[in-house]
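The chain contents come next:
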Amino acid sequence: MTAAQPIKRALITGGAGFIGHHIAHALVRRGVEVTVLDNLSMGRRENVPQGARLIEGDVRDAEQVTVAMQGVDVVLHEAAIVSIRASVEGFVRDADVNLLGTLNVLQCMADSGVKRALFASSMAVYADRAQPEPLREDAPVAPISPYGIAKLAGEQYWLMMCRHFGISGTVLRYFNTYGPNQTPTPYVGVITIFINKLLRGEVPVIYGDGEQRRDFVHVSDIVAANLAVLDAPPEATSGRVFNVGTGHATSVNDIARELVAVLAPGREPRRAPAQEGEMRNAIADISAIRSALGWEPQRRRVSFVDVVEWWRAQGVAR
């Protein structure tokens, strides 16, 4: 196989957000010239690493995307509205950003000189399962949320148009990502939500029976998966879809129980009705990315220590 050419210049859309800024820092440490395109609706200016260029702009704006893309070798498309629950009521806005924004990025890549392009997708593309069985990349895709529908359509456009433009395109399906510096919202990141509530002396809320099982993958492993794609020969990743998870199932009840034991012993979570669009079980089979790229998660089990300490350091008080 042809060796991968060293990456010199990269564009990260959404690079001031949770996952995007961790990737940006990793690439800057490698000496890559990084451009971040972010509208700062969820991302924060201070997340952008020193030495990276920040363009405050929107992936739906062709002019801003074209400017950000000038001279780059690689595009990592991380920008999205990441909320399954919010996508049900806000399905038009979800599709506008997550699908039409993706199509705009693709259109701008047509004559850009970009050689490789990574699309951040989601486990939300899969059909729900009654049992917590690992999902391979060829498992049925039948999203139960507008967010999942937009991500699945984005995947298909990404692979088709990258092939058409002669770009090595890859899709990474992230499972439930957690880690330090995740922007807290009411909808995304159950670990971040629970930690913040418990540190403030509040009661965490469990939707449904809490036995829904997830594959919680640390953001450092997500970053490593992106780097593994960039380090691999193009023919090993072009046109490929890879799950990024741990293969380990953890229930929401398990998360709540462990965090309560550490942060607020004896406090009982509040129960609320199950939310529309949320999958019962979503566990990754990671054999494809292991076989193709040699990638393995370094944290196979959920570990909250660094996340709790990060939020404590931010001054989240009781």
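Residues numbered from 1 in each chain as written. Predicted model: local features only at pLDDT ≥ 70, side-chain atom pairs only at ≥ 80, totals over all residues. Heavy atoms only, no water.

> For this particular structure, what's the right way to read the side chain of Ser 83?
Mapping Ser 83 onto the fold places it in the loop between strand 4 (74–77) and helix 3 (84–89). At a separation of 3.0 Å, a polar atom in the side chain of Ser 83 contacts the main-chain amide nitrogen of Ala 86. (Helix = DSSP H or I, 4+ residues; strand = E, 2+ residues; numbered from the N terminus. Polar contact = N/O pair within 3.5 Å; in protein donor to acceptor, adjacent residues only side chain to side chain.)

> What should I look at first to understand the side chain of Thr 177 in this one?
With respect to the secondary-structure elements, Thr 177 resides in strand 8 (residues 176–178). If we skip the residues at most four places from it in the chain, Thr 177 touches Phe 18, Ile 19, Gln 182, Val 217, Val 219 and Ile 222. (Contact = heavy atoms within 4.5 Å.)

> Help me understand unusual backbone geometry, please; the structure alone is not making it clear to me.
For residues that are not glycine, phi is negative in most cases, and the peptide bond is trans in most cases. Notably, Leu 40 is not glycine yet its phi reads approximately 60 degrees, a positive angle. Of note, the phi angle at Asn 181 is positive, near 65 degrees, even though the residue is not glycine. Note that Asn 181 resides in the loop between strand 8 and helix 6 (190–199). The buried category is assigned to Asn 181, whose relative accessible area is 9%. (Buried < 20%, exposed > 50% of the residue type's maximum accessible area, 1.4 Å probe, protein only.)

> In this structure, what is going on with the packing of helix 6 against helix 11 (residues 305–313)? I would like to understand it.
For any two helices packed against each other, one specifies the inter-axial angle together with the distance between the axes. Contact geometry of helix 6 with helix 11 gives a least axis separation of 10 Å together with a crossing angle of 50 degrees. Between helix 6 and helix 11, the crossing angle belongs to the class labelled oblique. Note that helix 6 runs across helix 11; the crossing there is right-handed. Contacts from Thr 192, Ile 195, Asn 196 and Leu 199 in helix 6 reach Val 307, Val 308, Trp 311 and Arg 312 in helix 11. Of the residues in the contact of helix 6 with helix 11, the class split is five nonpolar, two polar and one charged. (Axes fitted to C-alpha atoms, helices over the stretch in contact; angles between N-to-C directions. Parallel < 35°, antiparallel > 145°, perpendicular 65-115°, else oblique. Left-handed = near helix turned anticlockwise from the far one by under 90°. Nonpolar A, V, L, I, M, F, W, Y, C, P; charged D, E, K, R; others polar.)

> What exactly am I supposed to notice about the sheet that holds strand 15 (residues 281–284) here?
Neighbouring strands of a sheet are bound in pairs by backbone hydrogen bonds; such pairs are parallel or else antiparallel. The strand order 6-15-10-13 describes an open sheet built from four strands, whose pairing is mixed. Strands at the two margins of the open sheet, each flanked by one partner only, are strand 6 (134–135) and strand 13 (250–251). (Pairing = 2+ DSSP bridges.)

> I would appreciate a short explanation of the pairing of strand 2 (residues 33–38) in the present structure.
Taken residue by residue, a regular strand's side chains alternate between the two faces of the sheet. Within strand 2, five of the six residues are buried, which leaves it mostly tucked inside the rest of the structure. Examined bridge by bridge, strand 1 (residues 9–13) and strand 2 share five bridges and lie parallel to one another. What sits directly across from Arg 9, in strand 2, is Glu 33. Relative to strand 3 (residues 53–56), strand 2 is paired through four bridges, and the arrangement is parallel. Note that in strand 3 the partner of Asp 38 across the bridge is Glu 56.

> For this particular structure, what's the right way to read the pattern of salt bridges?
When their charged atoms lie close together, side chains carrying opposite charge are able to pair. In total, this model carries 20 salt bridges according to the counting rule given. Among the ionic pairs, Asp 73 bridges to Arg 9, the shortest N-O distance being 3.9 Å. Of the two residues, Asp 73 is situated in the loop between helix 2 (62–69) and strand 4 and Arg 9 in strand 1; the sequence distance between them amounts to 64 residues. Between Arg 213 and Asp 254 there is a salt bridge; the shortest N-O distance is 3.8 Å. (Salt bridge = Lys/Arg side-chain N within 4 Å of Asp/Glu carboxyl O.)

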